[in-house]
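# Structural overview for review
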Amino acid sequence: MTFDEILWTDKMRAIFSDDAPVIHLCGSMGTSKTLVAGLLFFDRVMNAPPNVNQFAIIGVSSVLAKRNFVDKADSLYNIHKGLCTPYSDGNKYAAGSHFCIYGKYGKKIVYIAGADNKTSFTNILSLDLGGILLDELSALHPDVFREAYGRVQRLAYPGWLITTTNGGNPAQEFYSELVNHATVMFRDSVPKIELDEMVEDRPNEHYYHFNLQDDCPHKTAEQTERLMNSYPVGSFYYYSKILGCRGFSEGALYASLLSDAQVVDFNDLNLSAFEEVIMTVDVGKSVNGEDTKKSHTIVALGGYTRQYHRVVAIASKKIKSIEHRDIIEEAETWLYPYWLKFYGKLKAIVIDLADYKLVSTWQNHSRWRGKISVLGCVKTDKYLCPDLPKRAAVKCQLMMKSKQYPTSRIVWCDGDMLKAHRQILEDKDGSELDQANVWQDYADCFSYLILWRIRKILADEIPSNSNKIQFY
């Protein structure tokens, strides 16, 4: 792409002429945020005064930062290649990855660094930088933007900061400490969910929101439509990538999907339709079995119907025992009647790996030792479910109706499990996830149930070279 091939919207022109020291470009994916940020960055570097010579672009990693701002056809580097020196990984003139721009008042050096390398970005941020571009703000560690923001504020000359980001979790620090304080520009195109959270007490810092309806001048209608259908409606990634808004983890993002959910009586289940059944265990920290506020050890029984079409939350129990041997005895006594009914289909006891001693003790003292596997696990899958937002998105996907699945793929037979997920919805910002309460323990048990067979549940989405789930 060349400069004269750029299609300019009114918003892009306004940003390009905005002289605010801090500018946040937030919103949907594929809306030219990176392109606009790069053009604005280049323009400011090009016009920097003679005594301001060092600048930086910091991304999630140096590889991604280089890809977005150097390698891509529409990167600031390639658009202005005739005004830039060759990219270098470092030489006697500069210790880090960089290129130079031939500005109006001399040569300006632009460092490229990744937030995944603390030594690299710390060394660069320790320089007297005239301006900084932070890419993918929601994925950066808070220390990165805190240091960058503080550095441009305390310079003897006017420093500046440009950021880009999709939507993040509402509880993230980059919102509360930085973005929420900026003054909103082009208010009519900003979603209410964003406006409601904005404080707007810093008039010299500006916030621009990009959306797929107004800010895709370089995409066809077909390409935009394909983007809008990339993620399940209501999922974290739909909020973050498609709407460009802050999303809600494990909570309000699938409120509507649980609104009409009903508990199915266990006696109405066709037990012969089950492929396998497992018991999941989430370990609580409470030392008082009667305390209903703090986290408890919860055991839950769940299963999968034939060909893993549906996930069934069958039953659950709050364990009052504290000592490991007592927990095992109480849990297995509760489980025994179900073991008889599902004889031969109860395959495993899956335990929160946070208490590895309980895993080891259970393996050695289970009444079904040698018959039922006892394993520890974590709530991640490197490819399909690497983090909390993706886990919430998977739950959304399973609860949504589609042509292939006219009804939800999750069946609730246990009132407490369903109540736990509804309880989580009460706190829209997802902050309950940081609290040790019993409802989260029920929800975690259900997460283990999904993670145990996620590769079979989502079989159509698995690439042939994907990694195995982390079980120990």
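Preceding this section is the structure that the text describes.
A short tour of the structure in this document, coming up. The numbering scheme is per chain: residues are counted from 1 as the chain's sequence reads. Thresholds applied to this predicted model are a pLDDT of at least 70 for local features of residues and 80 or more for the giving and counting of side-chain atom pairs; totals over whole chains, interfaces and linings are not thresholded and use all residues. Heavy atoms throughout the structure, all of them, feed into the side-chain values; hydrogens and water do not.

### A word on the sheet that holds strand E3 (residues 98-103)
- Paired strands are those between which DSSP finds at least two bridges. Secondary structure elements follow DSSP: runs of H or I no shorter than four residues count as helices, runs of E no shorter than two count as strands, and numbering proceeds from the N terminus. With mixed pairing, the eight strands of this open sheet are ordered in space as E3-E4-E2-E5-E6-E1-E8-E7. One side of each edge strand has no neighbouring strand; the edge strands of this open sheet are E3 and strand E7 (182-184). Direction aside, neighbouring strands of the sheet carry axes that sit 20 degrees apart on average.
- Sheet topology places strand E1 (residues 22-27) next to strand E8 (residues 202-210); six bridges connect them, and they run parallel. Paired with His24 across the two strands is Tyr207, which belongs to E8. Comment: axis = line fitted to C-alpha atoms, over the contacting stretch for helices; angle = value between 0 and 180 degrees taken between N-to-C directions.

### So, helix H16 (residues 438-452)
- To estimate how far a helix should extend, the number of its residues minus one is multiplied by 1.5 Å. Between its terminal C-alpha atoms H16 stretches 22 Å, which fits the 21 Å expected from 15 residues at 1.5 Å a residue.
- Of all 15 residues making up H16, 14 are buried, and the element is well covered by its neighbours. Here's how the labels work: a residue is buried when its accessible area is under 20% of the maximum for its type, exposed when over 50%, partly exposed in between, all with a 1.4 Å probe on protein chains only.

### Remarks on the side chain of Thr163
- Inspection of the secondary structure assignment puts Thr163 in strand E6 (residues 160-165).
- Note on definitions: a residue-residue contact is assigned when non-hydrogen atoms from the two residues lie within 4.5 Å. Apart from residues no more than four positions distant in its own chain, Thr163 is found in contact with Ile23, His24, Leu25, Leu134 and Leu137.

### Quick look at the pairing of E8
- Pairing of E7 with E8, which is carried by three bridges, proceeds in the parallel orientation. What sits directly across from Ala182, in E8, is Arg202.

### Looking at unusual backbone geometry
- The phi dihedral of Ser32 falls on the positive side, at around 65 degrees, and the residue is not glycine.
- At Gln307, a position not held by glycine, the phi torsion is positive, near 60 degrees.
- Relative to the assigned elements, Gln307 resides in the loop between strand E10 (297-305) and strand E11 (311-319).

### With respect to the nonpolar core
- With 37 residues, the main nonpolar core has Leu25, Phe41, Phe55, Ile57, Phe99 and Ile101 as its most contacted residues.
- If one sorts the elements of this core by residue count, helix H2 (residues 33-46) sits on top with nine residues.
- Contacts of Phe99, omitting those with residues within four sequence positions, involve Val70, Leu76, Tyr77, Cys84, Thr85, Pro86, Tyr87, Lys108, Ile109, Val110 and Ile112.
- Remark: nonpolar core denotes a set of buried residues (Ala, Val, Leu, Ile, Met, Phe, Trp, Tyr, Cys) joined through side-chain atoms within 4.5 Å. Residues Phe274, Ala315, Trp334 and Tyr338 belong to the second largest nonpolar core, which totals 32 residues.

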